[in-house]
Amino acid sequence: MMKRILVSFGMIAAMCLPQAAQADRFPDGYSAARKEMNALGDKALAGDAAALKALQDAARNCADTYRCPAYSDVTWRGAAAATNLGWLYWSKEAFGAAQKRKGMAYFAQAALLGSPHGLYQVGDCMRDDCLPANVQAVAFGEIFKAGSYKPFFGGRYEHLKAVSAVFGQAADRGLVAAAVEKTKVDNQLVGMTRNVLRDWDRGTAAIYSHLNGIIDVSLVGLAAEPSAKQCDFLENALANARAQVGQFDAEVAAAQ
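Residues numbered from 1 in each chain as written. Predicted model: local features only at pLDDT ≥ 70, side-chain atom pairs only at ≥ 80, totals over all residues. Heavy atoms only, no water.

What to know about helix 3 (residues 49-60)
And step 1. When the terminal C-alpha atoms of helix 3 are compared, their 16 Å separation across 12 residues agrees well with the 16 Å that a helix rising 1.5 Å per residue should span.
And step 2. Here helix 3 has its buried residues at A51, L52, L55, Q56, A58 and A59. Seen along its axis, helix 3 keeps its buried residues to an arc of 165 degrees; they face one direction. In helix 3, those exposed residues whose orientation departs by more than 90 degrees from the buried face are A49 and A50.
And step 3. Elements that come into contact with the buried residues of helix 3 comprise helix 2 (28-45), helix 4 (73-91) and helix 5 (100-112). (Helix = DSSP H or I, 4+ residues; strand = E, 2+ residues; numbered from the N terminus. Expected span 1.5 Å × (residues − 1). Buried < 20%, exposed > 50% of the residue type's maximum accessible area, 1.4 Å probe, protein only. Arc of directions from axis to C-beta. Contact = heavy atoms within 4.5 Å.)

The structure is reproduced here in structure tokens:
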């Protein structure tokens, strides 16, 4: 479970004052690399072949992720470059519909390298089944490593649990939009649990976990200076989850 961030209601209110501009709080190394690679991405979209090659070279340096140490400059540059290539190929279809799937492969690479935007795009694709399950398993399997069967072939509940995890990682890396989407997915999981986990104690523990996931990620998102709309959404999600989780405290303690 995501580490709980202890924030009082007063502190949350201060974070959400109207004058606070939205500011996703990315790791410093990623922010610097993103600024550089976004400029190249804009140029590549405008037809600059040299900019496109620079993006491809930076991504290629970390094509084998074991060669790129976590949190190093080369890794962040590779993550930001792969994110931009995903944006070009998938989001903008800059190279035609026939090349579109290459973009999601780049987003997957970006996710493996720690890009919050890459993680978000993988989660968004999985939630909406933007690719067939077998293609998702190939494209995203490495992200889930040993547990790569269940996210794609273990039913909708397991699929959404994997989506929640990916959005959670993106939120932990500072992307507020991912925090918002994780709360939505976790609420879906709360509603599905009793129909999937027939054992009462297991179901209760799972619901409790999903509600705490909403609490945790809401606090993460609120700590990253969300927009006014995001702030309202996350505050409501936090309040609702806290109200519900209190009903399960005694049940979970008894089950344990």
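Focus on the state of the cysteines
Between two cysteines, a covalent bond joining their sulfur atoms is known as a disulfide.
And step 1. Overall, the coordinates contain two disulfides when judged by the stated rule.
And step 2. Across the disulfide from C62 sits C68; the S-S distance is 1.9 Å. Between C62 and C68 the sulfur-sulfur dihedral comes to about -105 degrees; the bridge is accordingly left-handed. C68 shares its class with C62; the two are buried. (Disulfide = S-S within 2.5 Å.)

A closer look at the nonpolar core
And step 1. L55, L85, M126, F140, F144 and L211 are the most contacted members of the largest nonpolar core, which totals 73 residues.
And step 2. Residue contacts for L211: discarding those within four places in its chain leaves V190, A241, Q244, V245 and F248. (Core = buried A, V, L, I, M, F, W, Y, C linked by side-chain atoms within 4.5 Å.)

A word on the environment of V245
And step 1. With respect to the element layout, V245 can be found in helix 12 (residues 228-255).
And step 2. Given the relative accessible area of 10%, V245 is considered buried.
And step 3. Considered as a pair, V245 and L211 are 34 residues apart in the sequence and their alpha carbons are 6.2 Å apart.
And step 4. Setting aside its immediate chain neighbours within four residues, V245 contacts Y208, L211, N212 and I215.

Notes on the layout of surface pockets
And step 1. Of the pockets and cavities examined, the largest pocket occupies roughly 400 Å³.
And step 2. When residues of the lining of the largest pocket are traced back to their parent elements, those giving at least two are helix 9 (156-172), helix 10 (176-196) and helix 11 (200-222).
And step 3. By residue number, the principal contributor to the lining of the largest pocket is helix 9, which donates eight residues.
And step 4. Along the lines of polarity and charge, the residues of the lining of the largest pocket split into eight nonpolar, six polar and six charged. (1 Å grid on protein atoms, 1.4 Å probe; cavity = no way out; pocket = protein on both sides within 12 Å on 5 of 7 lines; lining within 4 Å. Points joined across faces, edges and corners; volume = space filled by probe spheres on them. Nonpolar A, V, L, I, M, F, W, Y, C, P; charged D, E, K, R; others polar.)

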